[in-house]
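Results of the structural survey
Chain by chain, the residues run as shown.
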Amino acid sequence: RRFIFCLTLCLTLFCGISLKAQNLKTISQEKAYGDLLGFVPGKETYTYFVNNEGKNVLHGNYSFVGSKSLSNNTTQANVKYSIKASYKNGYLNGAYSVTGVYTGKNYSYTRGWIPYTSNSKMTGTFLNGKPQGNFVASYPGEYYTSEANVTMKNGKYVNSYYYSGTDGYKWHSYKGQLTAD
């Protein structure tokens, strides 16, 4: 009797797990995201399930990888852009990161073509669709630089924050402590 009970229980659990896994579908498709250079074309891949209303609900890993080139009289640039995230029942849930790598050169009438390279990155964590925990953003460029660090709880800023950066002419720095919602 115990054997039959355990076997029935295992089969029920296994069938339930496999049925749920069969409901998840994966899509890979062309997409474009807005960026400093306009829209960057690329490929997004994500998993989803179809809810009772027939709508696709993101559930699982999400990624986007794209690139673009731009060339005119004053700028020659290339950008590689990526997003990685995780969803649970349609809400961002877990690690989230956006990365951009910019290379190229700008034309200066006094100095000619000036090469540059920049890597921007933003990382954070979401819980049930709301920012949760530490978020860090950095844009270390040769002329324009910025860095920010904030802490979020249930989608609201809490604790300390930090920002520093330059707009190419002047350095700005802000630091503080948040004490109320």
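In case you missed it, the structure is sitting above this.
Below you will find a few notes about this structure. By convention here, each chain's residues receive numbers from 1 onward along its written sequence. Confidence filtering applies because this is a predicted model: local features only for residues at pLDDT of at least 70, side-chain atom pairs given and counted only at 80 or more, and all residues used for totals across whole chains, interfaces and linings. Side-chain figures throughout are based on the complete set of non-hydrogen atoms in the structure, without hydrogens or water.

1. Examining the overall build of the protein chain
Selection criterion: Secondary structure elements follow DSSP: runs of H or I of four or more residues count as helices, runs of E of two or more count as strands, with numbering from the N terminus. Partly exposed residues are those whose accessible area sits between 20% and 50% of the maximum for their type, while under 20% is buried and over 50% is exposed, using a 1.4 Å probe and protein chains only. Only the protein chains shown count as cover for residues, with accessible areas throughout obtained via the Shrake-Rupley method and a probe of 1.4 Å.
Secondary structure assignment for the protein chain yields 1 helix and 12 strands. Shown N-terminal to C-terminal, the secondary structure of the protein chain runs as helices and strands in the order α-β-β-β-β-β-β-β-β-β-β-β-β. Here the protein chain holds 181 residues, and 25% of them are scored as buried. Here the protein chain displays about 12,600 Å² of accessible surface, and carbon together with sulfur accounts for 56% of that area.

2. Let's talk about a nonpolar patch on the surface
The cut-off we apply is this: Like-charged residues within 9 Å of one another, or nonpolar side chains (Val, Leu, Ile, Met, Phe, Trp, Tyr) within 5 Å, are grouped into patches, provided each residue has over 30% relative accessible area and no salt bridge. Should a side-chain nitrogen of Lys or Arg be within 4 Å of a carboxyl oxygen of Asp or Glu, the pair is scored as a salt bridge.
There is a patch of nonpolar side chains on the surface, built from Y107, Y109 and W113 and spanning about 380 Å² of accessible area. Structurally, the position occupied by Y107 is in strand β6 (residues 94–108).

3. Quick word on the packing of aromatic side chains
Using the following cut-off: Two aromatic rings, drawn from Phe, Tyr or Trp (for Trp, its six-membered ring), form a pair once their centres lie within 6.5 Å of each other, and the interplanar angle then sorts them: stacked below 30 degrees, edge-to-face above 60, tilted otherwise.
Per the stated rule, a full pass over the model turns up 7 aromatic pairs. Measuring from centroid to centroid gives 6.1 Å for Y46 and Y48, while their planes differ by 55°, and the two rings are tilted. One exposure class covers both Y46 and Y48, and it is buried. Ring geometry for F64 against Y81: centres 6.2 Å apart, planes inclined by 70°, an arrangement best described as edge-to-face.

4. Focus on unusual backbone geometry
One non-glycine residue, N128, adopts positive backbone phi at about 55°. Along the chain, N128 turns up in the loop between β7 (112–127) and β8 (130–131). Even without a glycine there, the phi angle at N154 is positive, about 50°. For N154, the location among the structural elements is in the loop between β10 (145–153) and β11 (156–166).

5. Let's talk about the nonpolar core
Soluble globular proteins: nonpolar side chains tend toward being buried together. Using the following cut-off: The nonpolar core is taken to be a set of buried Ala, Val, Leu, Ile, Met, Phe, Trp, Tyr and Cys residues, with the residues joined through side-chain atoms within 4.5 Å. The contact criterion used is simple: two residues touch if any of their non-hydrogen atoms lie within 4.5 Å.
Ranked by internal contacts, the top residues of the largest apolar core, which has 20 residues, are Y62, Y81, I83, A85, L92 and Y96. By residue number, the principal contributor to this core is strand β4 (residues 75–88), which donates 6 residues. With sequence-adjacent residues up to four places away left out, Y62 is seen in contact with Y33, E44, T45, Y46, I83, K84, A85 and Y87.

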